[in-house]
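Spelled out, the chains give:
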Amino acid sequence: AQSVTQLDSQVPVFEEAPVELRCNYSSSVSVYLFWYVQYPNQGLQLLLKYLSGSTLVKGINGFEAEFNKSQTSFHLRKPSVHISDTAEYFCAVSVGGSQGNLIFGKGTKLSVKP
Amino acid sequence: SQTIHQWPATLVQPVGSPLSLECTVEGTSNPNLYWYRQAAGRGLQLLFYSVGIGQISSEVPQNLSASRPQDRQFILSSKKLLLSDSGFYLCAWSVLQDRWGELFFGEGSRLTVL
């Protein structure tokens, strides 16, 4: 069975600082990887996804993530954060198909301070 | 383009009262549909998913039920709410033939049971 671990439940950073949100997964088969963002009292929006090909994936709002198969990681990064990036971020893994098998981590709350 | 609507956005209900949350998808046919619950500190929990009209799979036994009376309509119900049913409920859809499991979320419904 697949699982996702987000190592930090909360990450406070100052505006314009770089940030990395960590995500590790476990799976015995090939996976597809996603990062979603949730702003307060809203649904989840897709930030980026890794399906195949280049291991460095660029998403919306200046975020990027790198798939590392040997370390089973898919960490999310941004070189300079803004106040508006304050949100909760979810890492998710799928082994394919579309029958409810997208497994989510417990989320990381990013808090950007001025 | 595809859109997903959930209502009501906010609901406060007494213990023992019934519940009905509704979700409608526009701009696509034969979507897979999902209900997730988000409780504080527990991440996203898949409650139900449906691959077609009248076809419901339950992931977690509980006080809730789901129905899909029409292709693009998904309803979450309860006959008698418990305090533990409080949370943020998210409806989502995916493309029937999507190989990767990517989900698209609604804006959510916040339920408070008193």
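Residues numbered from 1 in each chain as written. Chains lettered and ligands numbered in written order. Predicted model: local features only at pLDDT ≥ 70, side-chain atom pairs only at ≥ 80, totals over all residues. Heavy atoms only, no water.

Here the focus is unusual backbone geometry. Going from Trp7 of chain B to Pro8 of chain B, the amide bond is cis rather than trans, its omega being 0°. With respect to the helices and strands, Pro8 of chain B occurs in the loop between strand E1 (3-7) and strand E2 (10-13). Phi at Asn41 of chain A takes a positive value of approximately 60°, unusual for a residue other than glycine. Examined against the element boundaries, Asn41 of chain A turns out to sit in the loop between strand E5 (32-38) and strand E6 (44-50). (Helix = DSSP H or I, 4+ residues; strand = E, 2+ residues; numbered from the N terminus.)

Here the structure, examined in full by the defined rule, presents 2 disulfides over all chains. The disulfide that involves Cys23 of chain A links it to Cys91 of chain A, with 1.9 Å between the sulfurs. On the sign convention where negative is left-handed, the bridge of Cys23 of chain A and Cys91 of chain A, at about -65° about the S-S bond, is left-handed. Placement of Cys23 of chain A in strand E4 (residues 23-26) and of Cys91 of chain A in strand E10 (residues 87-94) is noted, with a sequence separation of 68 residues between them. Residue classification places Cys91 of chain A among the buried positions, given a relative accessible area of 0%. In this model, Cys23 of chain B is linked to Cys91 of chain B through a disulfide, with the two sulfur atoms separated by 2.0 Å. Between Cys23 of chain B and Cys91 of chain B the sulfur-sulfur dihedral comes to about -75°; the bridge is accordingly left-handed. (Disulfide = S-S within 2.5 Å. Buried < 20%, exposed > 50% of the residue type's maximum accessible area, 1.4 Å probe, protein only.)

Looking now at the interface of chain B and chain A. The interface is formed by 25 residues belonging to chain B together with 23 residues belonging to chain A. Of the roughly 1900 Å² buried where chain B meets chain A, counting both sides, 52% is carbon and sulfur surface. Along the contact surface separating chain B from chain A lie 1 salt bridge. Salt-bridge contacts for Lys49 of chain A lead to Glu102 of chain B; the nearest nitrogen and oxygen are separated by 2.6 Å. Joining chain B to chain A, the criterion identifies 5 residue pairs in polar contact (both at pLDDT 80 or more). For the side of chain B that touches chain A, the secondary structure elements donating two or more residues are strand E4 (32-38), strand E5 (44-52) and strand E9 (87-94) of chain B. When grouped by side-chain class, the residues that make up the side of chain B that touches chain A number 13 nonpolar, 7 polar and 5 charged. (Contact = heavy atoms within 4.5 Å. Buried area = accessible area lost by both parts, 1.4 Å probe. Salt bridge = Lys/Arg side-chain N within 4 Å of Asp/Glu carboxyl O. Polar contact = N/O pair within 3.5 Å; in protein donor to acceptor, adjacent residues only side chain to side chain. Nonpolar A, V, L, I, M, F, W, Y, C, P; charged D, E, K, R; others polar.)

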